[in-house]
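Survey of secondary and tertiary structure
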Amino acid sequence: MKRFILAMVAALSLTGCGIYSFSGTSIQPDVQSITINNFEYKALKVNPTLSNNLSEAMRTRFRQMTRLEQVDMDGDLEISGAITGYDVRASAVTANEVAAQNRLTVTVTVSFMNRKYPEDDFDNKSFSAYADYDSTNSLDSVENSLCEEIIDKLIEDIFNATVAQW
């Protein structure tokens, strides 16, 4: 019983200071808003929906996991970025030197500005995620599901780097 009471006191003291929450964020209490700009598409190989899907997934994550109000400009926090890489390479080769699996890799660079706590800022930080697929499938046939998986990984990493500070 003592351990339970101590655990409750510790949990209340952590949430009481307003810096840590159980969603894993460490947003200062005076930070109220965020601006998430559309990710530019700068990769050589074109995926016409990736930029919009990534931007919307980022907005959704912040809406679901934080208390921040999303504003079009001049938020206390601001995230901007660009998709700089969209590459397919063989990831596993058979004994006959034929690709057994291919890997789609997406790379983004992200800039993060915290107008209230500029020591948290970073500029052009690179994030990369990939998904593998069987080489008997064409990229066109699996591209949408691969991109969803990759976006989920990228969003997790970017979210952690910006407001979870992991």
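Up top you'll find the structure we're talking about.
Summary of the structure given here.

The rules behind the values
Residues numbered from 1 in each chain as written. Predicted model: local features only at pLDDT ≥ 70, side-chain atom pairs only at ≥ 80, totals over all residues. Heavy atoms only, no water. Core = buried A, V, L, I, M, F, W, Y, C linked by side-chain atoms within 4.5 Å. Buried < 20%, exposed > 50% of the residue type's maximum accessible area, 1.4 Å probe, protein only. Helix = DSSP H or I, 4+ residues; strand = E, 2+ residues; numbered from the N terminus. Contact = heavy atoms within 4.5 Å. Salt bridge = Lys/Arg side-chain N within 4 Å of Asp/Glu carboxyl O. Pairing = 2+ DSSP bridges. Polar contact = N/O pair within 3.5 Å; in protein donor to acceptor, adjacent residues only side chain to side chain.

**Considerations on the nonpolar core**
In this structure, Phe62 and Val108 are the most contacted members of the largest nonpolar core, which totals 37 residues. Broken down by secondary-structure element, the contributors of at least two residues to this core are strand S1 (33-36), helix H2 (50-65), strand S4 (77-93), strand S5 (99-114), strand S6 (122-134) and helix H3 (139-164). Those residues within four positions of Phe62 in sequence are excluded, and the remaining contacts are Ile34, Ile36, Leu68, Gln70, Ile79, Phe159, Thr162 and Val163.

**Some remarks on the pattern of salt bridges**
What the rule picks out here adds up to 6 salt bridges. Where Glu78 meets Arg115, a salt bridge forms, and the shortest distance between an N and an O atom there is 2.6 Å. In this pair, Glu78 sits in strand S4 while Arg115 sits in the loop between S5 and S6, placing the two residues 37 residues apart along the sequence. In this structure Glu78 comes out as buried when scored by relative accessible area, which is 17%. Among the ionic contacts, a cluster of salt bridges with common partners joins Asp74, Glu78 and Arg115.

**With respect to the pairing of S1**
Residues Ser33 and Thr35 line one face of S1 and the alternating positions Ile34 and Ile36 line the opposite face, and both faces are buried. Of the strand pairs in this sheet, S1 and strand S3 (residues 69-70) are connected by 2 bridges, and their pairing is parallel. Considered in S3, the bridge of Ser33 is made with Glu69. Relative to S4, S1 runs parallel, the two sharing 3 bridges. Bridge pairing links Thr35 to Glu78 in S4.

**Quick notes on the side chain of Ser111**
Within the secondary structure, Ser111 is located in strand S5. Among the polar contacts made by the side chain of Ser111, one reaches the main-chain amide nitrogen of Asn124 at a distance of 3.1 Å. In contact with Ser111, not counting residues within four places along its chain, are Glu78, Ile79, Ser80, Phe122, Asp123 and Asn124.

**Concerning unusual backbone geometry**
Even without being glycine, Asp74 reaches a positive phi, approximately 60°. The residue Asn124 is not glycine, and still its phi comes out positive at about 55°. Mapped onto the elements, Asn124 comes out in strand S6.

**Concerning the environment of Ser55**
Of note, Ser55 is situated in helix H2. Between the C-alpha atoms of Ser55 and Ser80, which are 25 residues apart in sequence, the distance is 9.3 Å. Apart from residues lying up to four places away in sequence, Ser55 is in contact with Ile36, Asn37, Asn38 and Phe39. Only 2.9 Å separates the side chain of Ser55 from the backbone oxygen of Ser51, close enough to count as a polar contact.

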